[in-house]
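So the chains spell out like this:
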Amino acid sequence: MRRIYSLFILWLSVLTISAQMADPVHFTSQLKELGSDEAEIIFSAKIDAGWHVYSTDLSGGPIPATFNKVKMEGVETVGKLKPRGNEQKTFDKLFGMDVRYFEHTATFVQKVKFTKEKYVIDCYLEYGVCNDEMCMPPSEVAFKKEGKRPTPDPSLLMEGKEDNVKTDTVARVVLAENTDSINNTACTDSTLWVPTPLPQQGAEEGGSLLAIFIAGLLGGFIALLTPCVWPIIPMTVSFFLKRNKGRAKAIREALTYGLSIIIIYVALGLLITLLFGANALNAMSTNAWFNIFFALLLIIFAASFFGAFELTLPSSWSNKIDQKSDRTTGILSIFLMAFTLVLVSFSCTGPIIGFLLVAISTQGNILGPTFGMLGFSIGLAIPFALFALFPSLLKSTPKSGSWMNTIKVVLGFIELAFALKFLSVADLAYGWRLLDREVFLAIWIALFGLLGAYLMGWLRFPHDEPEHRTNVPQFFLGLLSFAFTIYMIPGLWGAPLKAISAFTPPMYTQDYKIIQTTVVEAPFKDYEQGMAFAKEQHKPVIIDFTGFGCVNCRKMEAAVWTDEEVARRLTQDYVLISLYVDDKTPLAQPVEVEINGQKRTLRTVGDKWSYLQATKFGANTQPFYVLLDPQGTPLAPSRSYDEDIQEYINWLDAGLTKYKP
């Protein structure tokens, strides 16, 4: 058992490390002769799903693809670097310009001409790569080759049937697992560059899984109160009354029944994980079309809860399972009874499970679906196991009635609200600007206002009884709904609405704001200067690994750093150091370092900060935030792109609590 536990912990560690060190683009480079004195240096890329590589000739925006010469003897370039492939173009509102990029595959070609019998080519392609949540530092693909000028093949010149490919070298962006030092750079304190393991995210991941489990548990309890599940309770009691002949057997069979329900739903969660896997779940969280699909799915679920139709499985399935449970005996009959419960109650549990799985899947947590279904099944199984064990409890339960339809309608409104959140993700990704912050809030205000009207009895749906009235619990819930509606109204004019900032679109999408906020600017853009100042002032440090072309860095600054409480901590409690990994300022002299056994030349200030992030903190994506004491010791786990303002404040406060001057 201990061995299995150790392997499980090791597996989680591998997942965590791989999440920090992204490697989404895989390049090959080759020299292709053209049958004369000319040739092409071809850089071909395969790009992981959800990522994109920017094209050439982008000025003042994201990092473009560029061809760079280190040493070119006996050969000279002809023209500019040319992109090939399915280039996409869109207007980026943050940069205020059209940007061009490639997804899935990309090819860049530099034409060259041989001028001498012998030639030496030492060059590299520099490019920028981002997804919807983060960007990587400027990355390079090196190409080196030397030899004699190729002799033209007359047959190729005449027929032009084949490509004469001379070499094929694979160049991938590989980051360091460890490093000797970087003393050759202009470092005044080499100890600040020593690799430092960041505090593990174990507690945070555990908290996330616990939150998923609790959400599933609440979903199970809510499902119990729906009109598709509650009426099954008498059938359960009748089934076990016919079987119970002794106290010990009754306990054993009740536990078996509850465990069977849990096994069925957990198997569903495991199936989701096996079908999609960790990578696909992560891709879902950033893929716009997946978010559109999830939104439409939740709208269908909401319509079902409003009474437009019922989502039901074929009745023959439940009838066959029910018949088999009557004919069989022992544990199998109890399991079949549990399966009957799952099938019969699907019209109500289906939308709840679907909503739960959609929300979990877009978090990209590989264990999420399993933990969510575990919580849901336990929430549903405990009451049924108790009724199976103590049939007399049925006498004290409330009768079915209109209150169950009320629960379904309330769930429908909640699912519509979350559907809008998923549509907002797609809207931001494609820059449609259909769901700007004020539009999003206007729809939420209407939704929760209508929910309040329904709870007060002013609005009815098809499956509500004609004498639908407001009882005391509904009155207080309606009051809360109206209060929440009023709370959101100032957001139409730019109020921050911190309670729901994690759900609404970023503040920069707001067209009209009464209060204009400014983004905090870092006083230091040099690592060692900032650390030296922190030592003098006896203050902790926040390092912001960012980039001029990092879209999500700007989103974090606009949505999170503009918050009054966040800004106060960044300017008063911490020394803020922003390190731009795409800063093209040349170093005093290039520095050659070894990364995973391969040599790489640091030529710019951005290369230096990218190397620092990779070797010291084991990460290579931006935005990336680290809290340190003045000696370079981490104070908390790192953070990346997440617009939850309160979580960011909690993270900053945790670092202050741990820091000891």
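Residues numbered from 1 in each chain as written. Predicted model: local features only at pLDDT ≥ 70, side-chain atom pairs only at ≥ 80, totals over all residues. Heavy atoms only, no water.

Notes on helix α13 (residues 472-488)
Then step 1. Counted at 1.5 Å a residue, the expected span for α13 with its 17 residues is 24 Å, and the 25 Å between its end C-alpha atoms agrees.
Then step 2. Gln474, Gly478, Ser481, Thr485 and Met488 are the residues of α13 that are buried. The arc that holds every buried residue of α13, seen down its axis, measures 85°, which confines them to one face. Relative to its buried face, α13 has exposed residues pointing more than 90 degrees away, namely Val472, Pro473, Leu480 and Ile486.
Then step 3. Structurally, the start of α13 carries an N-cap: the backbone nitrogen of Gln474 is 2.9 Å from a side-chain oxygen of Asn471. (Helix = DSSP H or I, 4+ residues; strand = E, 2+ residues; numbered from the N terminus. Expected span 1.5 Å × (residues − 1). Buried < 20%, exposed > 50% of the residue type's maximum accessible area, 1.4 Å probe, protein only. Arc of directions from axis to C-beta. Polar contact = N/O pair within 3.5 Å; in protein donor to acceptor, adjacent residues only side chain to side chain.)

Brief notes about unusual backbone geometry
Then step 1. Its identity is not glycine, yet His104 carries a phi of approximately 70°, on the positive side.
Then step 2. Of note, His104 is situated in the loop between β7 (97-102) and β8 (105-114).
Then step 3. Looking at His104, the relative accessible area reads 52%, which means it is exposed.
Then step 4. Unlike most non-glycine residues, His538 shows phi in positive territory, near 55°.
Then step 5. For His538, a relative accessible area of 53% puts it in the exposed group.

A word on the packing of helix α16 (residues 564-573) against helix α18 (residues 645-658)
Then step 1. Viewed as axis vectors pointing N to C, α16 and α18 meet at an angle of 25°, and their least axial separation amounts to 9 Å. Put simply, α16 runs roughly parallel to α18. Two packed elements cross with a definite hand, and for α16 against α18 that hand is left-handed. Between α16 and α18, the residues in contact are Glu565, Val566, Arg569, Leu570 and Asp573 and Ile645, Tyr648, Ile649, Leu652, Asp653 and Leu656, respectively.
Then step 2. In terms of residue class, the contact of α16 with α18 is built from 7 nonpolar, no polar and 4 charged. (Axes fitted to C-alpha atoms, helices over the stretch in contact; angles between N-to-C directions. Parallel < 35°, antiparallel > 145°, perpendicular 65-115°, else oblique. Left-handed = near helix turned anticlockwise from the far one by under 90°. Contact = heavy atoms within 4.5 Å. Nonpolar A, V, L, I, M, F, W, Y, C, P; charged D, E, K, R; others polar.)

As for the packing of aromatic side chains
Then step 1. Scanning all chains against the criterion turns up 20 aromatic pairs.
Then step 2. Ring centres of Phe27 and Tyr127 lie 4.9 Å apart, and the angle between their planes is 50°; on these two criteria the pair is classed as tilted. Of the two residues, Phe27 is situated in strand β1 (residues 25-33) and Tyr127 in strand β9 (residues 118-127); the sequence distance between them amounts to 100 residues.
Then step 3. Taking the relative accessible area as the measure of exposure, Phe27 reaches 1% and is therefore buried.
Then step 4. With 5.7 Å between their ring centres and 85° between their planes, Phe102 and Phe108 make a pair best called edge-to-face.
Then step 5. Using a relative accessible area of 0% as the deciding quantity, one classes Phe102 as buried.
Then step 6. Members of the aromatic cluster, each reached through a chain of ring pairs, are Phe440, Trp444, Phe448, Phe484 and Tyr487. (Phe/Tyr/Trp six-rings, centres within 6.5 Å; stacked < 30°, edge-to-face > 60°.)

Considering the pairing of strand β17 (residues 624-628)
Residues in a regular strand project their side chains so that they alternate between the two faces of the sheet.
Then step 1. Where burial is concerned, most of β17 is hidden: 5 out of the 5 residues are buried.
Then step 2. Burial along β17 is two-sided: Phe624, Val626 and Leu628 and Tyr625 and Leu627, pointing in opposite directions, are all buried.
Then step 3. Pairing between strand β13 (residues 541-546) and β17: 5 bridges, direction antiparallel. Its bridge partner being in β17, Ile542 is matched across the sheet by Leu627. (Pairing = 2+ DSSP bridges.)

Section: the pairing of strand β14 (residues 575-580)
Then step 1. Counting buried residues along β14, 6 of its 6 residues qualify, which places the element largely inside the surrounding structure.
Then step 2. The alternating pattern of β14 places Val575, Ile577 and Leu579 and Leu576, Ser578 and Tyr580 on opposite faces, both of which are buried.
Then step 3. Here β13 pairs with β14 via 6 bridges, running parallel. Each residue of the ladder has a partner; that of Asp544, found in β14, is Ser578.

Points about the sheet that holds β14
Then step 1. Taken in spatial order, the 3 strands make up an open sheet running β14-β13-β17, and their pairing is mixed. Each end of this open sheet is capped by a strand with a single partner; those strands are β14 and β17. For this sheet the average axis-to-axis angle between neighbouring strands, irrespective of direction, equals 20°.

A look at the sheet that holds strand β6 (residues 88-92)
Pairing between the strands of a sheet comes from backbone hydrogen bonds, and it takes one of two forms, parallel or antiparallel.
Then step 1. Taking strand neighbours across the sheet as the criterion, the 4 strands line up as β6-β7-β3-β10 in an open arrangement whose pairing is antiparallel. In the strand order of this sheet, the two ends are held by β6 and β10 (129-130), each with one partner.
Then step 2. Bridging between strand β3 (residues 52-54) and β10 involves 2 bridges; their strand directions are antiparallel. The residue of β10 that forms the bridge with Val53 is Val129.

Some points on the nonpolar core
Then step 1. Judged by nonpolar contacts, the single largest core of 30 residues is most densely connected at Phe27, Ile41, Phe108, Ile121, Leu125 and Tyr127.
Then step 2. Taken together, the elements giving at least two residues each to this core come down to β1, β2 (38-47), β4 (66-73), β5 (75-84), β8, β9 and β11 (139-148). (Core = buried A, V, L, I, M, F, W, Y, C linked by side-chain atoms within 4.5 Å.)

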